[in-house]
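Architecture at a glance
Chain by chain, the residues:
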Amino acid sequence: LSKAACITGRPSSFYSVALASVPRCTILIDLAVALKCFGVATGYLITISDSMVDALDHILLTGDPANDERFFISLLLSRHFWVVGALVSVLPFSFYRTLDELKKASALALVFVFMLVGMIIAYANGVADPCMGIEDGETCRGDMDVYTNLPLTLSKLPIFVFAFTCHQNIFPIVNEIELLSQYRLNIVICCSIGFALVLFYLVALEGYRTYGSLVRGDILLNYPENNQVTFLRVCVAFMLTLHYPLQLDPSRRCITSLVKVIIKWWYQKQYDIAEGTPGDRMGEIEMEQEEQSKAGKDPAYYEMSHKNAIQQTVDKNDEMLFYVITASFLSLSFMLAMIVEDLGVILALVGATGSTLVSYVLPGLIYVKVHPEMDLSKVMAFVQLGLGIAIIPLALYFIITKQVSH
């Protein structure tokens, strides 16, 4: 995607590279990216609220009905209260226009990530007791297998794809990086993906070392209910609050592209209606063009002037579009988070389709279209495209069969 963005030039976006490679699919591509990011962002709001409720449950509840049933306690342990709190928390970061403006928030989010990873490593290496509170005769550790079977491994593919899906953010990086070059972009890509890989590897390995086959998808559910784990839950909530804009920003860019296409279409339609139908105007247009040619004027000049006028009208609405789309995104995300308590199945489907589309299918397809030479990079793009096409139905099969079995 970074190479395709460099080829098409700044300002780059999914829409611009899709327009240069697969123009008939631009709307579908922007819609897929926008929906994928919207689903993830809504999942963040739900996870923030759940994490805060779990944390305060340990802090506030004493076992005394007189205390636990007080209105103030019930309010603080309400999921809906913390969904509202999550929305208020993400508001200050949601109206930033560039990734550069989010660098301080992202740096703070990394601090919370390091705290989480450090605690997991501490429990895995005996610094803290991971089985505290387990009754005699029970165990908190399961068996450890060196490897597992192929179907089980393939069933986890959506999680793997979902974990590394950040491709939509390469376009603002291309737009904002100083001294743009493919070499500098490659450094950014390798450092970010490599850093994420190391963190994921540490969490997965140390978590599995701690609890074996009994490790859960949300590893915090394995740990004993104590002050340290409660603190980690609060860290997770703050971390996701700071990450929310990283999903909102690419979704907003894609929605803005879609809205501008619709506005251009509407203005063009109004112009056509005002000027008459193409059939009625055909003879007049030919006569006008003949007269313009005789006068030494370019007939295409008038059509170009009309298109420029429409573009200027659309560009005047940029400021309003930014605020309307941001407010609409936040409102819809908030309402969905208030209504739905568990986005597990929806996020699994988003990961299987939207994330695979963004991570494998679109980068491979776009590069194949914009890169003319048949070299190693183009061969790898074909491989990436093929993997994406294979992963989507495979992942959907495992998700559906799992839901049916339950």
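Residues numbered from 1 in each chain as written. Predicted model: local features only at pLDDT ≥ 70, side-chain atom pairs only at ≥ 80, totals over all residues. Heavy atoms only, no water.

Some thoughts on the overall build of the protein chain
- Helix and strand counts for the protein chain come out as 17 helices and zero strands.
- Out of the 406 residues in the protein chain, the part that is buried amounts to 38%.
- Nonlocal contacts in the protein chain, meaning residues at least 24 apart in sequence, comprise 79% of its contacts between residues at least 6 apart.
- Accessible surface computed for the protein chain: about 22800 Å², of which carbon and sulfur atoms make up 66%. (Helix = DSSP H or I, 4+ residues; strand = E, 2+ residues; numbered from the N terminus. Buried < 20%, exposed > 50% of the residue type's maximum accessible area, 1.4 Å probe, protein only. Contact = heavy atoms within 4.5 Å. Areas by Shrake-Rupley, 256 points an atom, 1.4 Å probe, with all protein chains shown as cover.)

Here's the deal with unusual backbone geometry
- The amide bond that connects Arg 10 to the next residue, Pro 11, takes the cis arrangement and shows omega of -10 degrees.
- Among the structural elements, Pro 11 can be located in the loop between helix H1 (2-8) and helix H2 (14-21).
- Non-glycine residue Leu 179 carries a positive phi angle of around 50 degrees.
- One can find Leu 179 in the loop between helix H10 (170-176) and helix H11 (182-211).
- A relative accessible area of 69% means that Leu 179 is categorised as exposed.

Digging into the pattern of salt bridges
- In this structure the tally under the stated criterion is seven salt bridges.
- In this structure, Glu 206 engages Arg 209 in a salt bridge whose closest nitrogen and oxygen atoms are separated by 2.8 Å. Highlighted residues: Glu 206 and Arg 209, both in helix H11, separated by three residues, approximately one helical turn.
- Exposure remark for Glu 206: the relative accessible area of 8% places this residue in the buried category.
- A salt bridge links Arg 252 to Asp 249; its shortest N-O distance comes to 3.4 Å. Pair noted here: Arg 252 and Asp 249 are both in helix H12 (residues 227-275), with a separation of three residues, about one helical turn. Residue Arg 252 shares its accessibility class with Asp 249, and that shared class is buried.
- Each of Glu 176, Asp 249, Arg 252 and Arg 253 takes part in salt bridges that share partners, so that together they form one network. (Salt bridge = Lys/Arg side-chain N within 4 Å of Asp/Glu carboxyl O.)

Some remarks on the nonpolar core
- Core analysis: the biggest nonpolar cluster contains 49 residues, and Tyr 223 and Tyr 244 have the highest contact counts within it.
- Elements that contribute at least two residues to this core include exactly helix H3 (26-60), helix H5 (71-76), helix H6 (79-94), helix H7 (103-124), H11, H12 and helix H15 (318-339).
- At 11 residues, the largest contribution of residues to this core is made by H3. (Core = buried A, V, L, I, M, F, W, Y, C linked by side-chain atoms within 4.5 Å.)

Some points on the packing of aromatic side chains
- The tally for this structure, following the rule as stated, stands at 13 aromatic pairs.
- Between Tyr 397 and Phe 398 the ring centres are 5.4 Å apart and the planes differ by 65 degrees, which places this aromatic pair in the edge-to-face class.
- Note on Phe 398: relative accessible area 17%, which makes it buried.
- Taken together, the aromatic side chains of Phe 38, Tyr 244 and Phe 329 make up a single cluster linked through ring pairs.
- Its end group placed over the ring of Phe 322, Arg 97 keeps NZ or CZ at 3.9 Å from the ring centre. (Phe/Tyr/Trp six-rings, centres within 6.5 Å; stacked < 30°, edge-to-face > 60°. Lys NZ or Arg CZ within 6 Å of the ring centre and 35° of its normal.)

A closer look at the side chain of Asn 222
- Counting through the fold element by element, Asn 222 comes out in the loop between H11 and H12.
- Under the relative-accessibility criterion, Asn 222 is labelled buried at 16%.
- Each residue touching Asn 222, except ones within four places of it in the same chain, is listed here: Pro 130, Tyr 211, Leu 214, Val 215 and Arg 216.

Description of the packing of H2 against H3
- Relative orientation of the contacting elements H2 and H3 amounts to 150 degrees, with a least axis distance of 9 Å. For the element pair H2 / H3, the angle class is roughly antiparallel. Handedness of the H2/H3 crossing: right-handed. In contact with Phe 14, Tyr 15, Ala 18 and Leu 19 of H2, H3 contributes Thr 26, Ile 29, Asp 30 and Val 33.
- Its residues assigned to classes, the contact of H2 with H3 comprises six nonpolar, one polar and one charged. (Axes fitted to C-alpha atoms, helices over the stretch in contact; angles between N-to-C directions. Parallel < 35°, antiparallel > 145°, perpendicular 65-115°, else oblique. Left-handed = near helix turned anticlockwise from the far one by under 90°. Nonpolar A, V, L, I, M, F, W, Y, C, P; charged D, E, K, R; others polar.)

Considering the confidence of the model for the protein chain
- Taken as a whole, the protein chain shows an average pLDDT of 80; of its residues, 85% reach a score of 70 or greater.
- Across residues 278-289, confidence stays below pLDDT 50; counting only partners more than four residues off in sequence or on other chains, it has four contacts. (pLDDT = per-residue confidence, 0-100.)

Remarks on the environment of Arg 184
- Mapped onto the secondary structure, Arg 184 falls in helix H11.
- With relative accessibility at 34%, the residue Arg 184 sits in the partly exposed group.
- For the pair Arg 184 and Val 174, spaced 10 residues apart in the sequence, the C-alpha separation amounts to 9.8 Å.
- Discounting residues that sit within four places of it in the chain, Arg 184 has contacts with Ile 177, Glu 178 and Leu 179.

Thoughts on the environment of Val 83
- Among the structural elements, Val 83 can be located in helix H6.
- A C-alpha to C-alpha distance of 7.4 Å links Val 83 and Ile 48, two positions 35 residues apart in sequence.

Looking at H3
- Here H3 spans 51 Å end to end across 35 residues, near enough to the 51 Å set by a 1.5 Å rise per residue.
- By the criterion of burial, H3 is predominantly enclosed, with 25 of the 35 residues buried. (Expected span 1.5 Å × (residues − 1).)

Quick look at a nonpolar patch on the surface
- Residues Met 374, Leu 376, Val 379, Met 380, Phe 382, Val 383 and Leu 387 make up a contiguous nonpolar surface patch of roughly 680 Å² in combined accessible area.
- Looking at the secondary structure, you find Val 383 in helix H17 (residues 376-405). (Patch = residues over 30% accessible without salt bridge, like charges linked within 9 Å, V, L, I, M, F, W, Y side chains within 5 Å.)

What to know about the side chain of Ser 16
- Of note, Ser 16 is situated in helix H2.
- Discounting chain neighbours no more than four positions away, the residues touching Ser 16 are Thr 8 and Pro 11.

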